[in-house]
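Examining the three-dimensional arrangement
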Amino acid sequence: MGAAGPWIAALWGLVGGSALLIGAAIALAVSLPQRVIAAIMAMGSGVLISAVAFDLMDEAFRQGGVVATSLGFVAGAFAYTVANVVLSRRGARHRKRSGSDAKERQPPAGADGGLAIAIGALLDGIPESVVIGVSLLDGAGVSLVTVIAVFLSNVPEGLSSAAGMKKAGRSKRYIFGVWGGIAFASGISALFGNALLAGAPPEWIASVTAIAAGAILAMLVDTMIPEATEETHEFSGLIAVAGFLVAFILSKTGG
C-alpha cells in the first residue's frame, strides 16, 4: 500500500471513532429511556466480543502462534486494568455510564475529573484503533469486520457517556469537545499502529493484536457490560447474543 498506507489507516480509524460523535449527538438530541441505552450497550458488547474472538484472536494466533498470542492477550488485559483503576480513582469511573444511578450524575471534582474522563475514553479507544491500522498491513485492504465492530460499539459508548455527562450538567461544547478529540485520536492511533508495525515480524504483529484484544475484553467486562445489565438484566444476554451473531456473520461473509 506504500506511503499512503498510514494515512488510509488514519481515515479508517477516524471512521470508527466518528461513531462516538454520532452517539453523543443522539444523546443530546433526544432523551432516550435508560433501558434503550442499556440495550444498545448490550448489543455493542456482543459485537465486540465476537470481534475479539473471531477476528482479533484468530488472526493473532495465525500469525504468531499460541505463546505470542497468550502473552499479548494477558498483557493487554493487565495493562488496561491497571490504567483503568488509576483513572477510576481520579473521577473517570462512570465515563461510559448513562447516569441511571445518582452517584453517576455527580460531576467529577475539578479539572482533574474531566481530564480523567477524556484520558479514560482515549484508553478505551486506542486498542480498537490500533487494530484497524494493523489490519491494513497484509495488503488486502482494511478489515471491514473490524471497522464495523468498532463503529457499532462506539455508537452506544458515545451515547451512554454523553447521556451521563448531560445529566451531570456538562455543556454541549464540553461533550463534543471530548468525543471529537477522542475521534481524532482514534485516527492518529490507527496511523501509528500501521506505520510503526509495517515490516515487523509476524510475532510482533500478533502480540500487538492480542494486546488490543485483551484490553478490549477487559474494557467490556469493566464498563460496557455492567451498564448493559443494570437496566436490561432480563434481556441483556439475549441482546448481546444478537450483536455477537451479527458480527460473527460479518466475520464469515465480509472483509
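Since this is a predicted model, take the numbers as computed values, not measurements.

Next up on the list: the overall build of the chain. Assigned secondary structure in the chain consists of seven helices and zero strands. Its helices and strands in sequence order give the chain the pattern α-α-α-α-α-α-α, from N to C terminus. Of the contacts formed within the chain by residues at least 6 apart in sequence, a portion of 86% connects residues at least 24 apart. Carbon and sulfur atoms make up 71% of the accessible area of the chain, which totals about 11200 Å².

Following the sequence through the fold, Asn 84 ends up in helix 2 (residues 34-92). Linking Asn 84 and Ala 218, residues 134 residues apart in sequence, is a C-alpha distance of 9.7 Å.

Moving on: the side chain of Asn 194. For Asn 194, the location among the structural elements is in helix 5 (residues 172-197). Apart from residues lying up to four places away in sequence, Asn 194 is in contact with Gly 5, Pro 6, Ala 9, Gly 133, Leu 136 and Leu 137.

A separate point is the packing of aromatic side chains. The tally for this structure, following the rule as stated, stands at two aromatic pairs. Ring geometry for Phe 54 against Phe 244: centres 5.7 Å apart, planes inclined by 70°, an arrangement best described as edge-to-face. In this pair, Phe 54 sits in helix 2 while Phe 244 sits in helix 7 (residues 236-253), placing the two residues 190 residues apart along the sequence. Owing to a relative accessible area of 28%, Phe 54 belongs among the partly exposed residues under this scheme. Phe 244 sits in the partly exposed class, given a relative accessible area of 28%. For the pair Phe 54 and Phe 248, a centre-to-centre distance of 4.9 Å together with 65° between the ring planes defines the contact as edge-to-face.

Here we come to the nonpolar core. Judged by nonpolar contacts, the single largest core of 18 residues is most densely connected at Leu 48, Leu 56, Tyr 80, Ile 216, Met 219 and Met 224. The set of elements that each furnish at least two residues to this core consists of helix 2, helix 3 (110-134) and helix 6 (202-232). Among the elements that make up this core, the one with the highest residue count is helix 6 (nine residues). Apart from the residues within four sequence positions on either side, Ile 216 is in contact with Leu 48, Val 52, Leu 56, Pro 127 and Glu 128.

It is worth spelling out the UniProt feature "transmembrane region" (unreviewed entry) in the chain at this point. In the numbering used here, UniProt assigns the "transmembrane region" (unreviewed entry) feature to residues 6-29, 36-54, 66-87, 174-198, 204-221 and 233-251. Along residues 36-54 one finds 100% helix and 0% strand; the C-alpha atoms at either end are 27 Å apart. Helix makes up 96% of residues 174-198 and strand makes up 0%, while its end C-alpha atoms are separated by 36 Å.

Opposite charge on two side chains permits them to pair, given that their charged atoms come into close proximity. Per the stated rule, a full pass over the model turns up one salt bridge. For Arg 62, the salt bridge goes to Glu 59, with nearest N and O atoms at 2.5 Å. Placement of the pair is Arg 62 and Glu 59 together in helix 2, with a separation of three residues, close to one helical turn.

With that settled, the discussion passes to the environment of Ala 10. With respect to the helices and strands, the residue Ala 10 is situated in helix 1 (residues 5-29). For Ala 10, a relative accessible area of 13% gives the class buried. Sequence spacing of Ala 10 and Ser 129 is 119 residues, and the spatial spacing of their C-alpha atoms is 8.6 Å. Ala 10 has contacts with Gly 187, Ala 190 and Leu 191, leaving out every residue within four places of it along the chain.

Moving on, we get to helix 7. Taking 1.5 Å as the rise per residue, helix 7 with 18 residues should run 26 Å; its terminal C-alpha atoms sit 26 Å apart, in good agreement. Along helix 7, the residues classified as buried are Ser 236, Ala 240, Gly 243 and Ala 247. Projected onto a plane normal to the axis of helix 7, the buried residues spread over an arc of 65° and lie on a single side. In helix 7, the exposed positions angled more than 90 degrees off the buried face are occupied by Leu 238, Val 241, Lys 252 and Thr 253.

Put simply, helix 4 (residues 144-167) and helix 5 touch, their axes get as near as 10 Å, and they point 150° apart. In terms of orientation, helix 4 lies roughly antiparallel with respect to helix 5. Considering only the axes of helix 4 and helix 5, their crossing is right-handed. Residue-level inspection shows Glu 157, Gly 158, Ser 161, Ala 162, Met 165 and Lys 166 of helix 4 in contact with helix 5, the latter providing Tyr 174, Ile 175, Val 178 and Trp 179. Looking at side-chain class alone, the contact of helix 4 with helix 5 contains six nonpolar, two polar and two charged residues.

The next point concerns a nonpolar patch on the surface. Side chains of Phe 61, Val 66, Val 67 and Leu 71 sit close together on the surface and give an oily, nonpolar patch of about 430 Å² of accessible area. Tracing the backbone through its elements, the reader meets Val 67 in helix 2.

Cut-offs used in this document
Residues numbered from 1 in each chain as written. Predicted model: local features only at pLDDT ≥ 70, side-chain atom pairs only at ≥ 80, totals over all residues. Heavy atoms only, no water. Helix = DSSP H or I, 4+ residues; strand = E, 2+ residues; numbered from the N terminus. Contact = heavy atoms within 4.5 Å. Areas by Shrake-Rupley, 256 points an atom, 1.4 Å probe, with all protein chains shown as cover. Phe/Tyr/Trp six-rings, centres within 6.5 Å; stacked < 30°, edge-to-face > 60°. Buried < 20%, exposed > 50% of the residue type's maximum accessible area, 1.4 Å probe, protein only. Core = buried A, V, L, I, M, F, W, Y, C linked by side-chain atoms within 4.5 Å. UniProt positions renumbered as here; feature names shortened; annotations may be inferred. Salt bridge = Lys/Arg side-chain N within 4 Å of Asp/Glu carboxyl O. Expected span 1.5 Å × (residues − 1). Arc of directions from axis to C-beta. Axes fitted to C-alpha atoms, helices over the stretch in contact; angles between N-to-C directions. Parallel < 35°, antiparallel > 145°, perpendicular 65-115°, else oblique. Left-handed = near helix turned anticlockwise from the far one by under 90°. Nonpolar A, V, L, I, M, F, W, Y, C, P; charged D, E, K, R; others polar. Patch = residues over 30% accessible without salt bridge, like charges linked within 9 Å, V, L, I, M, F, W, Y side chains within 5 Å.

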